[in-house]
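What follows is the residue order along each chain.
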Amino acid sequence: MKKSNGNAIAAARRTLVLGLAMMVACAVQEAQAHGPSRQKVIESIDIDAPADKVWALVGDFAEGWPKWHPAIEASSADNGNAVGSMRRLTIKGGKFLVERLDLYDPATMTLKYVIRSGDALPVTNYSSMVTVRADGDKTHVEWRGAFYRGYPNNDPPPEQNDEAALAAVTGVYKTGLENLKAVAEKK
Amino acid sequence: MARRSRSRPLVAAALVLLALARAPGAVPYAYITDQGSDDVAVLDLADGTRVATLKVGHAPVGVAVLAQPARVFVTSPESHDVQVIARGATPRTDRVEARLAAGELPVGIAVDAGAARVYVGDMSAGRLLVFDANSLQPAGSVTIGRGPGGIAVDAGAGRVYVADRDDDAVAVVDTRTLARGPDIAVGQHPFGLALDAALRRLYTANVYGNSVSVVDLAAGRRIADIAVGAAPYCLLLHPGLHRLYVSNQHDDSISIIDTQTLQVVATVATGGYPEGMDLAPDGNSLYVVNWMDDTVSEHDARSGKLVRHFAGGRNNRGMGNFLVPK
């Protein structure tokens, strides 16, 4: 009995130490040092559904994205969809992102946010904008982001270089938009 | 009446000057650094035609123009060098004539034509490098602060200023001795820099502070911070209109500050992620390089209003002076 408790306690301690180490390692994103070359990704998709239906999905920054993005398991925010609201995304694979909403305009169906912390993407100083635009009774959605690679200095390791950053963000946008289309077009 | 107005000749002179300023001069060329394609796109701003593409180093950012000899200097931080473009009779005969090793991460660059000097900031090593603008030989260097960005040459005072982004300060260097004077504290994360020689001021664009700091050079300290848009980056002074333009990267806009009142008088839409800016020789237009859209937008200098976009190059930045008169 005592032995199994000891093992459980040791395991819990290891998890706590690992968690703390990860928290320390994931420096606040916004004020990080970075290299000279900012990267960008611009992806878009046309959806056969009315714009307000798409905005209902995309525009719920605080809690709505798990409904359509396959990589997002959970989302909660401290101030709903008000500018300044911080949301925490639980990402598949035990990762997370904390993001701040910087612009929210339902009239133009535009929102902008920045990553503040989190280990889900090999990027730093990441900002992003999603715009939803009515196109008759269809909808055009554009998702664009600007960021630096994960490793700020010269000679980055391959998993933190420019290519890795571009591939990761492109993957997030492409799979997200494709599934947004599938969800929105469901009758 | 007997008394002749003393102001009449002045009014006449002013009208002549105004007429000259508004005379449609030849629209310049723009030498645009394309960080995403390792080249410089040379655009004829009369109609936006790309008249030349010049391969430079890796991930070019900064640009500076020298009239005599006719050269354009470009920093390529990720190949740690500066390319020297020798300008031909037309851009079609331009060629990259030299590559200058420039420390670890050269970003900001500025020319002092009178002293035939080129100044380059090494963002990683925290140094200011100097080159002879004629011989292209190294002509000294000095350690400054952390993260040097924008550079402004104060030829009259024999000084060069550098925005030390990671120190929230401006470094001051004597151009004759390369001695470093005391830093001037400014706002958070200063990157863009502009000298106002007439008003004896320096302005910094504070990327994290979302502000412009105003430095009184005689007093050697900051006298004001002006709130502008989100992530302000580069600055452009229009001395004739006493206007300072600020590119707000995250707001896709420029803020226009009246330098006499230090008030923001207008905020005007640009393309996506505006960065570098330069002023047409006739003072009627400014050009903004939009990094997200890969465009150069032409704006009316008085209102700031966007007139038209031209196609630029991949991840274009245009940090510095990039206009060359025809």
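About the criteria used
- Residues numbered from 1 in each chain as written.
- Chains lettered and ligands numbered in written order.
- Predicted model: local features only at pLDDT ≥ 70, side-chain atom pairs only at ≥ 80, totals over all residues.
- Helix = DSSP H or I, 4+ residues; strand = E, 2+ residues; numbered from the N terminus.
- Buried ≥ 20, exposed ≤ 12 C-beta atoms within 10 Å, placed from the backbone.
- Contact = placed C-beta atoms within 7 Å.
- Expected span 1.5 Å × (residues − 1).
- Core = buried A, V, L, I, M, F, W, Y, C linked by C-beta atoms within 7 Å.
- Axes fitted to C-alpha atoms, helices over the stretch in contact; angles between N-to-C directions.
- Parallel < 35°, antiparallel > 145°, perpendicular 65-115°, else oblique.
- Left-handed = near helix turned anticlockwise from the far one by under 90°.
- Nonpolar A, V, L, I, M, F, W, Y, C, P; charged D, E, K, R; others polar.
- Pairing = 2+ DSSP bridges.
- Arc of directions from axis to C-beta.
- pLDDT = per-residue confidence, 0-100.

**Q** Please explain the overall build of chain A as it appears in this structure.
**A** Looking only at helices and strands, one finds three helices and seven strands in chain A. Seen in sequence order, chain A has helices and strands lined up from the N terminus as α-β-α-β-β-β-β-β-β-α. Residue burial in chain A is summarised as follows: out of 187 residues, 30% are buried.

**Q** Where do I start with the overall build of chain B in this structure?
**A** The helix and strand tally for chain B stands at one helix and 29 strands. A separation threshold of at least 6 residues defines the contact pool for chain B, and within that pool the share at least 24 residues apart is 44%.

**Q** Is there a simple way to think about helix α3 (residues 162–185) of chain A in this case?
**A** Every α-helical turn comprises 3.6 residues, leaving residues that sit three or four positions apart pointing alike. The end-to-end C-alpha separation of α3 of chain A is 34 Å, in line with the 34 Å expected for 24 residues at 1.5 Å each. On its buried face, α3 of chain A sits against β1 (39–47), α2 (51–58), β6 (123–135) and β7 (138–149) of chain A.

**Q** Where do I start with the nonpolar core in this structure?
**A** Across soluble globular proteins, nonpolar side chains have a tendency to be buried as a group. Ala30, Tyr31, Ile109, Tyr119, Tyr161, Val170 and Leu235 of chain B are the most contacted members of the largest nonpolar core, which has 128 residues in total. Broken down by element, this core gets its largest block of residues, seven residues, from α3 of chain A.

**Q** For this particular structure, what's the right way to read the packing of α2 of chain A against α3 of chain A?
**A** Residues and elements named next belong to chain A. It is the contact of α2 with α3, at a shortest axis distance of 10 Å, that shows an interaxial angle of 125°. By the angle between their axes, α2 is oblique relative to α3. Relative to α3, the crossing made by α2 is right-handed. Residues Lys53, Val54, Leu57 and Val58 of α2 form the contact with α3, whose own contacting residues are Leu180, Val183 and Ala184. When the residues that make up the contact of α2 with α3 are grouped by side-chain class, the tally is six nonpolar, no polar and one charged.

**Q** It is not clear to me how the pairing of strand β11 (residues 138–143) of chain B should be interpreted in this structure. Could you clarify?
**A** Note on strand geometry: in a regular strand, side chains alternate between the two faces of the sheet. Residue and element names in this part refer to chain B. In this sheet, β11 lies alongside strand β10 (residues 127–132) in antiparallel orientation, the contact comprising four bridges. Bridge assignment links Leu129 to a residue of β11, and that residue is Ser141. The turn joining β10 and β11, which pair antiparallel and follow one another in sequence, is formed by five residues; a positive phi near 65° is taken by Leu136.

**Q** Just checking my understanding: could you explain α2 of chain A for this structure?
**A** Residues and elements named next belong to chain A. All buried positions along α2 are accounted for by Ala51, Val54, Trp55 and Val58. Down the axis, α2 shows its buried residues gathered within 100° of arc, on one side only. Against β1, β6, β7 and α3 lie the buried residues of α2.

**Q** Where do I start with the sheet that holds strand β8 (residues 106–112) of chain B in this structure?
**A** Either a parallel or an antiparallel arrangement is found when strands of a sheet pair, and the pairing is made through backbone hydrogen bonds. All names here are of chain B. Overall, antiparallel pairing links the four strands, which are arranged β8-β9-β10-β11 in an open sheet. The outermost strands of the open sheet, each flanked by one partner alone, are β8 and β11. Here the strands of the sheet are splayed against their neighbours by 20° on average, with no regard to which way each runs.

**Q** Would you mind showing me how to read the sheet that holds β1 of chain A here?
**A** Residue and element names in this part refer to chain A. Strand order across the open sheet formed by seven strands is β1-β7-β6-β5-β4-β3-β2, with antiparallel pairing between neighbours. The open sheet has two edge strands with one neighbour each: β1 and β2 (72–77). Sheet twist, expressed as the average angle between the axes of neighbouring strands with direction ignored, equals 20°. Across five bridges, strand β5 (residues 110–118) lies against β6 in antiparallel orientation.

**Q** Can you walk me through the confidence of the model for chain B in this structure?
**A** Low-confidence regions, as indicated by low pLDDT, have predicted coordinates that should not be scrutinised in detail. Residues and elements named next belong to chain B. Looking at chain B, the pLDDT average stands at 94 and 92% of residues meet or exceed 70. Confidence drops under a pLDDT of 50 for residues 1–5, and excluding neighbours within four residues, the segment shows zero contacts in the predicted structure. Across residues 18–24, where pLDDT falls below 50, the model places three contacts with residues more than four positions away in sequence or in other chains. Across the assembled chains, the prediction reports ipTM 0.84 with pTM 0.88.

**Q** What should I look at first to understand the environment of Arg317 of chain B in this one?
**A** Residue and element names in this part refer to chain B. In this structure, Arg317 sits in the loop between β27 (306–311) and β28 (319–320). The buried category is assigned to Arg317, around which 30 C-beta atoms lie within 10 Å. Separated by 40 residues in the primary sequence, Arg317 and Met277 have C-alpha atoms spaced 9.1 Å apart. Excluding residues that lie within four positions of it along the chain, Arg317 makes contacts with Thr33, Gln35, Val61, Glu275, Gly276, Val289 and Trp291.

**Q** What is the right way to look at the environment of Pro156 of chain A in this model?
**A** Residue and element names in this part refer to chain A. Summarising the element assignment, Pro156 is placed in the loop between β7 and α3. Judged by the 18 C-beta atoms lying within 10 Å of it, Pro156 falls in the partly exposed class. Taking the C-alpha atoms as reference points, Pro156 and Ser128, separated by 28 residues in sequence, lie 23 Å from one another. For Pro156, the contacting residues outside a window of four places in its chain are Arg149, Tyr151 and Asn161.

**Q** Can you help me understand the pairing of strand β25 (residues 285–290) of chain B in this one?
**A** Residue and element names in this part refer to chain B. Most of β25 sits out of view: five of its six residues are buried. Looking at chain direction, strand β24 (residues 274–279) and β25 are connected through four bridges and run antiparallel. If you follow Asp278 over to β25, its bridge partner there is Tyr287. The turn joining β24 and β25, which pair antiparallel and follow one another in sequence, is formed by five residues; a positive phi near 75° is taken by Gly283. Between β25 and strand β26 (residues 295–300), which pair antiparallel one after the other, the connecting turn spans four residues, and Asp294 there sits at a positive phi close to 55°.

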